[in-house]
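# Structure assessment
In case you want the letters, here they are:
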Amino acid sequence: MAAELWEGVGQIENAVQSYIEGDLWERARTCVQQMKSGEASKRLMDYIEKNYKGYLKKENKAEELLQQGDVQGLDMFVERGDWMSALEGAKAQGAEVLNRYLMRYAKETMESGRFGDTVTAFAQYGIQAVAQNYPIYKTLVLEIFADCDQAEIQKLRTTLMQFMKLVEQRGEQNTSVGKEFARYLTIAHLQNLCNLYQKKGMVQLFAQNALSLLRYCDLLRLDKVFYNAGVACKKANNLTMAFLVLNRYLDIYEVIEDPDNNGNLAEQGEFQFTDVPNLFDVPLPEANLVSEQDKQNLGDWLLQISIDQKVPKQLPLKSCEACSSKIWDHALQCPSCKTKQDSCILTGRPLKNAVQCNSCGKHGIKECWQEYLQNFASCPWCGNPPN
């Protein structure tokens, strides 16, 4: 072999060149190590590594290129469509590189409507509190809320929890952005709890949570949040709220069918005493959630309840502690004076008879804690033992 001959007569540079041409990279490095001159040795070693990287790029060897500290290996993964390897590799390169490739992935997936893939990556790798990314985060949140897929909601809650910790570390929790994303986290938290309660058959907590989500119907899918709350109340035998909420759902159903006939949504009726947004101002989905037959069955049930004298048809009210106005007993904010109450971390209901989680300090209603802890061992907010 020519390289060995050159090496044997001390012609190291020629030997190195021959080894490189034969793709014998370790032999080239070993050859250089026998040189006495430190400067010449360094120059030749740099020459080898430069050529080695060129070889890796030519051969599309992304993994080896990353091992050499060259982030172009990440671009090779991206070109292959192997985003998971790209993100794993970016993670090893540090937060700045990870954020750059994560946002590239977010752009690609969101532009193609794959919001579930986006939030899955965010939940796994986290998102940075980088102001220029906030509009992208907001778009993703609203898209996930519009569909309310259970798995995506769970991942969104994980993502927003991580994000809000970063916001708090930066002291931005009281800024407009901080408050906005805190609201998103509350919604994701309550929606995720709804899904958990439903799976466990915890009908009372499920119904209370579903009612709490009505106050966020301007961000969630309007017909779905009303339908789910009404059905949940029906299962929990809260027939008054089931009657009122499902009646309102039918108004929504009719307007989706005929958007020009939306006068019923402008009339608040019993909901004037609530903190539920005026439905006239809330975007409507393009198509109805349930079939015409299911809607007919629902109408028949509502008719039966309407003539049942044992079922009250009025919203359960209480007096606002600040202005004494009559408000819904589930409302967190008085529609008259705008005074707000703290909410139960387990249900979103106004807080009373509160018990605190000793791990995170969040409060829940005592009887709600008791039912919750019969099925779960950890706090729904922080995931740690509450006692």
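Because the structure is predicted, anything quoted here is derived from the model rather than measured.

## Some points on a negative patch on the surface
A cluster of acidic residues, Glu-257, Asp-258, Asp-260 and Glu-292, forms a negative patch at the surface. With respect to the secondary-structure elements, Asp-260 resides in the loop between helix H15 (239-257) and helix H16 (263-266).

## So, helix H11 (residues 150-169)
The end-to-end C-alpha distance of H11, which contains 20 residues, comes to 29 Å, matching closely the 28 Å that a straight helix rising 1.5 Å per residue would cover. What H11 keeps buried is the set Glu-152, Ile-153, Leu-156, Arg-157, Thr-159, Leu-160, Met-161, Phe-163, Met-164 and Val-167. Packing partners of the buried residues in H11 comprise helix H9 (115-125), helix H10 (134-147) and helix H12 (176-200).

## Focus on the packing of helix H6 (residues 72-80) against helix H8 (residues 95-111)
Look at H6 against H8: their axes get within 12 Å of each other, and the N-to-C directions meet at 15°. With respect to H8, the axis of H6 lies roughly parallel. Note that H6 runs across H8; the crossing there is right-handed. Residues Leu-74, Asp-75 and Val-78 of H6 form the contact with H8, whose participating residues are Val-97, Tyr-101 and Arg-104. Across the contact of H6 with H8, the residue classes tally to four nonpolar, no polar and two charged.

## Considerations on the packing of H8 against H9
Contact geometry for H8 and H9: axes closest at 8 Å, N-to-C directions at 160°. Accordingly, the angle class assigned to the pair H8 and H9 is roughly antiparallel. When the axes of H8 and H9 are compared, the crossing they make is left-handed. Between H8 and H9, the contacting residues are Leu-98, Leu-102, Met-103, Tyr-105, Ala-106, Thr-109 and Met-110 on the first element and Phe-115, Asp-117, Thr-118, Ala-121, Phe-122 and Tyr-125 on the second.

## Comments concerning the confidence of the model for the protein chain
Of all residues in the protein chain, 83% attain a pLDDT of 70 or more, and the chain-wide mean is 87. Of all helices and strands in the protein chain, the one with the weakest mean pLDDT is helix H1 (residues 2-8) (51), whereas helix H13 (residues 203-212) scores best (97).

## Quick notes on the nonpolar core
One finds Phe-145, Phe-163, Tyr-197, Leu-214, Phe-226 and Leu-279 to be the most contacted residues of the largest nonpolar core, which totals 101 residues. Looking at which element gives the most residues to this core, the answer is H15, with 12 residues. Once you skip the residues sitting within four places of it in the chain, Phe-163 turns out to touch Ile-127, Gln-128, Ala-129, Tyr-134, Tyr-137 and Phe-181.

## Some words on the pattern of salt bridges
Applying the stated criterion to the full structure yields 10 salt bridges. Between Asp-223 and Arg-221 there is a salt bridge whose closest N-O contact spans 2.6 Å.

## What to know about the packing of aromatic side chains
This model, assessed by the stated rule, comprises 15 aromatic pairs. Look at Tyr-134 and Phe-181: their rings are 6.1 Å apart centre to centre, the planes differ by 55°, and that puts the pair in the tilted class. You can see Tyr-134 sitting in helix H10 and its partner Phe-181 sitting in helix H12, a full 47 residues away along the chain. When its relative accessible area of 9% is taken as the criterion, Tyr-134 is described as buried. A relative accessible area of 2% places Phe-181 in the buried class. One aromatic cluster is present, built from ring pairs that chain together Phe-122, Tyr-134, Tyr-137, Phe-145, Phe-163, Phe-181 and Tyr-184.

Conventions and cut-offs
- Residues numbered from 1 in each chain as written.
- Predicted model: local features only at pLDDT ≥ 70, side-chain atom pairs only at ≥ 80, totals over all residues.
- Heavy atoms only, no water.
- Patch = residues over 30% accessible without salt bridge, like charges linked within 9 Å, V, L, I, M, F, W, Y side chains within 5 Å.
- Areas by Shrake-Rupley, 256 points an atom, 1.4 Å probe, with all protein chains shown as cover.
- Salt bridge = Lys/Arg side-chain N within 4 Å of Asp/Glu carboxyl O.
- Lys, Arg positive; Asp, Glu negative; His and termini not counted.
- Charge placed at Lys NZ, Arg CZ, Asp CG, Glu CD.
- Helix = DSSP H or I, 4+ residues; strand = E, 2+ residues; numbered from the N terminus.
- Expected span 1.5 Å × (residues − 1).
- Buried < 20%, exposed > 50% of the residue type's maximum accessible area, 1.4 Å probe, protein only.
- Contact = heavy atoms within 4.5 Å.
- Axes fitted to C-alpha atoms, helices over the stretch in contact; angles between N-to-C directions.
- Parallel < 35°, antiparallel > 145°, perpendicular 65-115°, else oblique.
- Left-handed = near helix turned anticlockwise from the far one by under 90°.
- Nonpolar A, V, L, I, M, F, W, Y, C, P; charged D, E, K, R; others polar.
- pLDDT = per-residue confidence, 0-100.
- Core = buried A, V, L, I, M, F, W, Y, C linked by side-chain atoms within 4.5 Å.
- Phe/Tyr/Trp six-rings, centres within 6.5 Å; stacked < 30°, edge-to-face > 60°.

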